[in-house]
Amino acid sequence: MKITDEKLGELTFKLTVQVEPEDYSDSVNSVLKDYAKQVQLKGFRKGKVPLRVVKKMYGKGVLLEELNKIVSSELELYLTEKKIKVVGDPIPLTSEVDLEGDDDTSYYFEFEIGVAGEFDINYGLAGENPLYSVSIDDETLEKEIEHFQRTYGPMSNPDSSQPGDVLFGKLIQVDEGGDPVEGGYSRMFSLNPERVKNEGFKEKMGSGLKPEEDHLLLKMEEVTENDNEIRHVWEYNVHNEKIRTISNEDLEAIKEMNFIFQIRKINRIEPMAVGQELFDLAFGEGTITSEEEMRARLSENMKGFFEREAQRFYRSKTMDAFLEGNTIELPDEFLQQWLIRTHDEITEGNINEKYESYKKSITWTLIVEKMQQENPDMVVTESDLQSQAEAAVIQQFGDILKDVDDERKQQFVRHFLEDEKMAKRLFKMVLERKIFEGLEAKSPPTT
C-alpha cells in the first residue's frame, strides 16, 4: 500500500492510493470462500461449487467491494496520522476501475481533498456581547395571567370576527393585481392577535370578518417584524415539519411579497375566571390553591423562559462574532463541488445562494474543533452524555418517575442513548453548553 500527495492549489491536494495484490488478495479470497460455502448451483452440491466458478460469478463485485473498504480505511488512517485537517470529504477523481486484470494487478485511486487554512482563535470575542439579566414586571405578569385565562377558556366558532379572535385560513402569495402567483408560497396559517404586532392590522382582524367570504391582504411585516418568526412560517408546515430552508436572500424577497389570507374559520375563546378550576387545569389538580401561588409560579416560569432566551441570544451573537472575527481560509471551489455531489437539493444553478450558509456551518465546526483541541474541558465525554440523558428522561417523564426504581430509570436512559437521533440531539446540547461555558469562563460576557 502506498499513498502519495500532490499539491493542486493553495488549499487542495490530490492523493493517489496504490493498492497492491498483497493488500487485497487475502480478503478477496476469504470472502469468495465464504460465498462458495453458501452458493447453490445446478450440478453441484451446496458448498461444493469450485472456487474458480464462484470467482467467475462473483469475483469482480467482491474485488470492487474489498478495494473500496481497503482504500477508505487506509485513506482515513493516512489523513489522521498526517494530521491533515480535511474540510468536506475527499472527492474521487478515479471515474472507473478496470477489473479485468489478473491476480497480480495493482490498482490506483485518486482523490482531491480540501483543507482549511491555519488560524488562531480570539477568545476575547466572547465578552463583547451581553448576557441580559431578567426580571418580571407586573404588566408582563398580568398579560401572562390573561393568556392562561384564554388558553383554558371555552372555545366557539362564531360567524363573524371581533377583537381577540384567532383567524384560521390559507396564506397565499399574490401578485400586484391580487392574483395567486403560480408556484408561489402558500400554507395553512393561524393569525393570533396576541402575536400580531401591527395594531392597524389587528383591528382589521376583529372588524366583523366572515369565514369563506372575507379575506385580508397583507405583507409579512404586518404579521411580525421578527425575521426568525418569518423564517419559521415558511420553513415549517402546520405539523412543525421542516419543508424548506429560507436563506437571507429568500427572507428579503418574502418581506417584499404580497399575500392574501383566505379566512376559513374563526376561533373565539372566553377567558376563564381566576380560581381553583383554572389552577387545576393549568398546573395539575391541587398543585396550586391560591392566586398568590399562581402568580409566584407564573413569575418563576417566565423568568426561567426569558433567561433561556437571553442565553440563546448571547450564544447566537457570540457565534456570529466568532464567525466574523476569526477569518479562516477555505477551498471554496472545492467545497462547492463537494456540496453539489453530496446534497440533492444543491445544484450548479443554486450553489451561489446556498453556499454561504454551509460555509458558516463549516467554519463554526472548525472553530469548535480547534477550541476542543486547546481546551480539554470543552470536549464531550460519555459521562456528560449520561448526565444529559438522565436530565432528558426526568424532563420528559416528570412525576411518573416517582414510583420507578433506579434500574427502570436507567433503562429509559439507555433507550435515549441507543436512539441515534436522540443521541445526536443530546450530544449537540452538551457540546453547545460546554463550549459556551468555557468561553464565558475565559471572557465573561457583559451583563
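In what follows, the accompanying structure is described. Just so it is clear, the structure is predicted and the values come from calculations on it, not from any experiment.

## Description of helix α13 (residues 406-418)
An α-helical turn contains 3.6 residues, so any two residues separated by three or four positions project in the same direction.
So, point 1. If you check α13, its first and last C-alpha atoms are 18 Å apart, about what 13 residues at 1.5 Å a residue would give, namely 18 Å.
So, point 2. Residues F412, V413 and F416 constitute the buried set of α13. Seen end-on, α13 carries its buried residues on one side only, within an arc spanning 95°. Within α13, the exposed residues directed more than 90 degrees away from the buried face are H415 and E418.
So, point 3. Summarising the contacts, the buried residues of α13 are in contact with α12 (382-397) and α14 (420-442).

## Things to note about the environment of L141
So, point 1. By secondary structure assignment, the location of L141 is in helix α3 (residues 138-151).
So, point 2. When its relative accessible area of 9% is taken as the criterion, L141 is described as buried.
So, point 3. Separated by 99 residues in sequence, L141 and K42 have C-alpha atoms that sit 82 Å apart.
So, point 4. Look past the residues within four positions of L141 in its chain and what remains in contact with it is I136, R295, L298, S299 and M302.

## A short note on the packing of aromatic side chains
So, point 1. By the definition in use, this model includes 10 aromatic pairs.
So, point 2. Relative to Y58, the ring of Y35 has its centre 5.2 Å away and its plane inclined at 75°; by these criteria the two rings are edge-to-face. A residue pair is termed long-range when its members are at least 10 positions apart, and Y35 in helix α1 (residues 21-38) and Y58 in helix α2 (residues 51-81) qualify at 23 residues.
So, point 3. Its relative accessible area of 32% is what places Y58 among the partly exposed residues.
So, point 4. The aromatic ring of F119 is capped on one face by K370, whose charged end is 5.4 Å from the ring centroid.
So, point 5. The aromatic ring of Y123 is capped on one face by K442, whose charged end is 4.7 Å from the ring centroid.

## Observations concerning the packing of helix α11 (residues 351-374) against α14
So, point 1. Two elements in contact, α11 and α14, have axes separated by 11 Å at closest approach and are oriented at 65°. In terms of orientation, α11 lies roughly perpendicular with respect to α14. Considering the relative orientation of α11 and α14, their crossing is left-handed. On α14, the residues touching W364, V368, M371 and Q372 of α11 are L431, I435, F436 and L439.
So, point 2. Its residues assigned to classes, the contact of α11 with α14 comprises 7 nonpolar, 1 polar and no charged.

## Here we look at the environment of I367
So, point 1. Within the fold, I367 resides in helix α11.
So, point 2. Residue class for I367 comes out buried when judged on its relative accessible area of 0%.
So, point 3. As a C-alpha pair, I367 and I328 span 39 residues in sequence and 9.0 Å in three-dimensional space.
So, point 4. With sequence-adjacent residues up to four places away left out, I367 is seen in contact with F119, I121, F322, L323, N326 and I328.

## As for the nonpolar core
So, point 1. Counting residues in each nonpolar core, the largest one holds 35 residues, and the members touching the most others are F322, I367, M371, I435 and L439.
So, point 2. Looking at this core, the elements that each hand over two or more residues are β3 (86-92), α9 (291-325), α10 (332-342), α11 and α14.
So, point 3. Those residues in contact with I435 that lie beyond four places of it in its chain are W364, V368, M371, Q372 and M378.
So, point 4. Counting residues in each nonpolar core, the second largest holds 27 residues, with V39, V49, V71 and Y78 among its members.

## Comments concerning the packing of α13 against α14
So, point 1. Contact geometry of α13 with α14 gives a least axis separation of 5 Å together with a crossing angle of 90°. Taken together, the axes of α13 and α14 are roughly perpendicular relative to one another. In contact with F416, L417 and E418 of α13, α14 contributes E420, M422, A423 and L426.
So, point 2. The residue inventory of the contact of α13 with α14, partitioned by class, reads 5 nonpolar, no polar and 2 charged.

Reading the values: rules and limits
- Residues numbered from 1 in each chain as written.
- Predicted model: local features only at pLDDT ≥ 70, side-chain atom pairs only at ≥ 80, totals over all residues.
- Heavy atoms only, no water.
- Helix = DSSP H or I, 4+ residues; strand = E, 2+ residues; numbered from the N terminus.
- Expected span 1.5 Å × (residues − 1).
- Buried < 20%, exposed > 50% of the residue type's maximum accessible area, 1.4 Å probe, protein only.
- Arc of directions from axis to C-beta.
- Contact = heavy atoms within 4.5 Å.
- Phe/Tyr/Trp six-rings, centres within 6.5 Å; stacked < 30°, edge-to-face > 60°.
- Lys NZ or Arg CZ within 6 Å of the ring centre and 35° of its normal.
- Axes fitted to C-alpha atoms, helices over the stretch in contact; angles between N-to-C directions.
- Parallel < 35°, antiparallel > 145°, perpendicular 65-115°, else oblique.
- Left-handed = near helix turned anticlockwise from the far one by under 90°.
- Nonpolar A, V, L, I, M, F, W, Y, C, P; charged D, E, K, R; others polar.
- Core = buried A, V, L, I, M, F, W, Y, C linked by side-chain atoms within 4.5 Å.

Spatial relationships are all this shows, so hold off on functional conclusions.
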